[in-house]
Amino acid sequence: MSDTPFGFGLPPEEPDDGDEGKKKDQQSGGGQGPANPFGFAFPGAGGSGADNPFAAMFGSMNPTDLGAAFQQLGQMLSYEGGPVNWDMAKQIARQTVSQGTADGTKDASVGPAERTAVEEAVRLADLWLDDATSLPSGAGSAVAWSRAEWVEATLPAWKELVDPVAERVGGAMGDILPEEMQAMAGPLIGMMKSMGGAMFGQQIGQAVGVLAGEVVGSTDVGLPLGPAGKAALLPINVEAFGKDLGVGKDEVRLYLALREAAHQRLFAHVPWLRSHLFGAVEGYARGIKVDTAKLEDVVGQFDPQNPEELQQALQQGMFQPEDTPAQKAALARLETALALVEGWVDAVVHAAAKPRLSSADALRETLRRRRATGGPAEQTFATLIGLELRPRRLRDASRLWASLTDARGVDGRDALWAHPDMLPTASDLDDPDGFVHREQLDFSELDKMLGEAAGGSTEKPDLKKKDDDTE
């Protein structure tokens, strides 16, 4: 678990000239001192404004824009929407994308040739997957997105994921004062909530913007972030992913298309899966508690001229998961569900790619290491909901699905997605062989029982396991 569940704020950038640079920065008003309470960075002032939560918005401002800056700050304080200022999140995400990635790669519109290449890769990937899974194609269309298009397309899903966590913050801000005092403190509470929504919006926008520079498709985090039925790849990120692998661009694109298309099949033909995953996130979020004592200190010392105090409080671990059996169960449920999705995709894609792509093993291991070293999925979940998806669970899940394929065949393996109660549990990932050879209830017999009961039949259904029947 992350010590700072929401991961708010990026570390401040060090000046090129070390301590002397810091002194100059403070003298010029670029720091957090009284000379510049908002930390806005003016050209030539020597300050980067990196410590300031609004630096991404005001970092390039010149003195003539001061009025506009304060007008925008007023708009933040007057925000009266939900727990997250999503308009700000979108703006910050788009600005982060436009700045480019750390390697200097800038976003660019996708050309016709790249769109055609993605469409052909997804079409071929779907043909290969027909031999590796009983689930039919789930991609009604294939699209090639720029990073900015990825931001636009995935924001609705981020809203659904993040709002439950942010609700905890907004509720706590209104609960820290006695009821008899809340009426008098109404304007302050409202301002705190507005600023909290702005802080969430700024940090989530920054996280999503950074993630847009890393993801290769719409399902990198194991969740369906894009519109249903659209298999999406980001050509600029696909090229960056394969840059130093020594593998041909076409093979890299095709392997990543296999992963995207496999995710689409799963989410399209397992109708309960999306709500199951998003419900697991919400269940985990309900167990996030707010350190009200620390929040009271922040409110008592809150200075409207220093809105970054809220961000500093967030960085100090104000929001932590409850250490209760219910919260531990929610975490295990979420981790297991995500691991099962990723493990199934890993196993199915490997079965489809291994006989056809010479680089299948290398690409598979590259993606696994990307996760193990803190790839986009882990970093984003740690930032937004305090969850770090353990790579060990992914390998265990992939091994379990592969063993199920050997023992029961493709149809028998994929039949487990028919009902959430049929899926492996966290303990099953610890003992995959035990689960593979365990007798499984035939849920088709249960459906038969319900149907016969509705029709008044007195015949008892056979709820014995399929494995018993074959024996």
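Residues numbered from 1 in each chain as written. Predicted model: local features only at pLDDT ≥ 70, side-chain atom pairs only at ≥ 80, totals over all residues. Heavy atoms only, no water.

## Looking at the overall build of the protein
So, step 1. When helices and strands are counted, the protein shows 21 helices and 4 strands.
So, step 2. Put simply, 76% of the contacts in the protein that link residues at least 6 apart link residues at least 24 apart.
So, step 3. Summed over its atoms, the accessible surface of the protein is roughly 21700 Å², and 51% of this surface lies on carbon and sulfur atoms. (Helix = DSSP H or I, 4+ residues; strand = E, 2+ residues; numbered from the N terminus. Contact = heavy atoms within 4.5 Å. Areas by Shrake-Rupley, 256 points an atom, 1.4 Å probe, with all protein chains shown as cover.)

## Examining the pattern of salt bridges
So, step 1. In the structure shown here, the tally under the stated rule is 20 salt bridges.
So, step 2. For the salt bridge of Arg 368 with Asp 346, the shortest nitrogen-to-oxygen distance reads 2.9 Å. Of this pair, Arg 368 sits in helix 15 (residues 360–372) while Asp 346 is found in helix 14 (residues 325–353), placing the two residues 22 residues apart along the sequence.
So, step 3. Between Arg 393 and Asp 396 there is a salt bridge, and its shortest N-O distance comes to 2.8 Å. (Salt bridge = Lys/Arg side-chain N within 4 Å of Asp/Glu carboxyl O.)

## Focus: the nonpolar core
So, step 1. Counting 96 residues, the largest nonpolar core has Trp 150, Trp 158, Leu 273, Leu 277, Trp 344, Trp 401 and Trp 417 as its most contacted members.
So, step 2. By residue number, the principal contributor to this core is helix 14, which donates 15 residues. (Core = buried A, V, L, I, M, F, W, Y, C linked by side-chain atoms within 4.5 Å. Buried < 20%, exposed > 50% of the residue type's maximum accessible area, 1.4 Å probe, protein only.)

## Side note on the confidence of the model for the protein
So, step 1. Averaged over every residue, the pLDDT of the protein is 75; the share at 70 or more is 58%.
So, step 2. Confidence drops under a pLDDT of 50 for residues 1–54, and excluding neighbours within four residues, the segment shows 111 contacts in the predicted structure.
So, step 3. Ignoring residues within four places in sequence, the model shows residues 457–471, a span with pLDDT below 50, making 18 contacts including any to other chains. (pLDDT = per-residue confidence, 0-100.)

## Some details on the packing of helix 10 (residues 249–269) against helix 15
So, step 1. Two numbers describe how helix 10 lies on helix 15: the axes approach to 11 Å, and their chain directions differ by 60 degrees. By the angle between their axes, helix 10 is oblique relative to helix 15. For helix 10 against helix 15, the interelement crossing comes out right-handed. Only Ala 360, Leu 363, Arg 364 and Leu 367 of helix 15 make contact with helix 10, whose side of the interface consists of Glu 251, Val 252, Tyr 255, Leu 256 and Arg 259.
So, step 2. For the contact of helix 10 with helix 15, the class distribution of residues is 6 nonpolar, no polar and 3 charged. (Axes fitted to C-alpha atoms, helices over the stretch in contact; angles between N-to-C directions. Parallel < 35°, antiparallel > 145°, perpendicular 65-115°, else oblique. Left-handed = near helix turned anticlockwise from the far one by under 90°. Nonpolar A, V, L, I, M, F, W, Y, C, P; charged D, E, K, R; others polar.)

## Focus: the packing of aromatic side chains
So, step 1. Applying the stated criterion to the full structure yields 3 aromatic pairs.
So, step 2. Cluster of aromatic residues (ring-pair linked, three or more members): Trp 272, Trp 344, Trp 401 and Trp 417.
So, step 3. Lying across the ring of Phe 278, Arg 274 places its NZ or CZ 4.1 Å from the centre. (Phe/Tyr/Trp six-rings, centres within 6.5 Å; stacked < 30°, edge-to-face > 60°. Lys NZ or Arg CZ within 6 Å of the ring centre and 35° of its normal.)

## Re the environment of Asp 431
So, step 1. Tracing the sequence through the fold places Asp 431 in the loop between helix 18 (426–430) and helix 19 (432–436).
So, step 2. The class of Asp 431 is partly exposed, set by a relative accessible area of 41%.

## A few points about the environment of Val 151
So, step 1. Within the secondary structure layout, Val 151 lies in helix 6 (residues 147–175).
So, step 2. The exposure class of Val 151 is buried, given its relative accessible area of 0%.
So, step 3. As for Val 151 and Gly 205, which are separated by 54 residues in sequence, their C-alpha atoms are 9.2 Å apart.
So, step 4. For Val 151, the contacting residues outside a window of four places in its chain are Ala 93, Arg 94, Val 97, Val 208 and Ala 212.

## Overview of helix 10
So, step 1. The end-to-end C-alpha distance of helix 10, which contains 21 residues, comes to 30 Å, matching closely the 30 Å that a straight helix rising 1.5 Å per residue would cover.
So, step 2. Extensive coverage of helix 10 is indicated by the burial of 16 of its 21 residues. (Expected span 1.5 Å × (residues − 1).)

## Remarks on the side chain of Arg 364
So, step 1. Take Arg 364: it is sitting in helix 15.
So, step 2. For Arg 364, a relative accessible area of 16% gives the class buried.
So, step 3. Look past the residues within four positions of Arg 364 in its chain and what remains in contact with it is Tyr 255, Asp 346, Ala 347, His 350 and Ser 398.

## Remarks on the packing of helix 14 against helix 15
So, step 1. Relative orientation of the contacting elements helix 14 and helix 15 amounts to 165 degrees, with a least axis distance of 10 Å. The orientation of helix 14 relative to helix 15 falls into the category roughly antiparallel. For the pair helix 14 and helix 15, the crossing hand works out as right-handed. On the side of helix 14, the interface is formed by Glu 342, Asp 346, Ala 347, His 350 and Ala 353, while helix 15 contributes Ala 360, Asp 361, Arg 364, Arg 368 and Arg 371.
So, step 2. Residues that form the contact of helix 14 with helix 15 fall into these classes: 3 nonpolar, 1 polar and 6 charged.

## A short note on the side chain of His 263
So, step 1. Among the secondary structure elements, His 263 is positioned in helix 10.
So, step 2. Assessed through its relative accessible area of 1%, His 263 is described here as buried.
So, step 3. With sequence-adjacent residues up to four places away left out, His 263 is seen in contact with Thr 219, Gly 222, Val 341, Glu 342 and Val 345.

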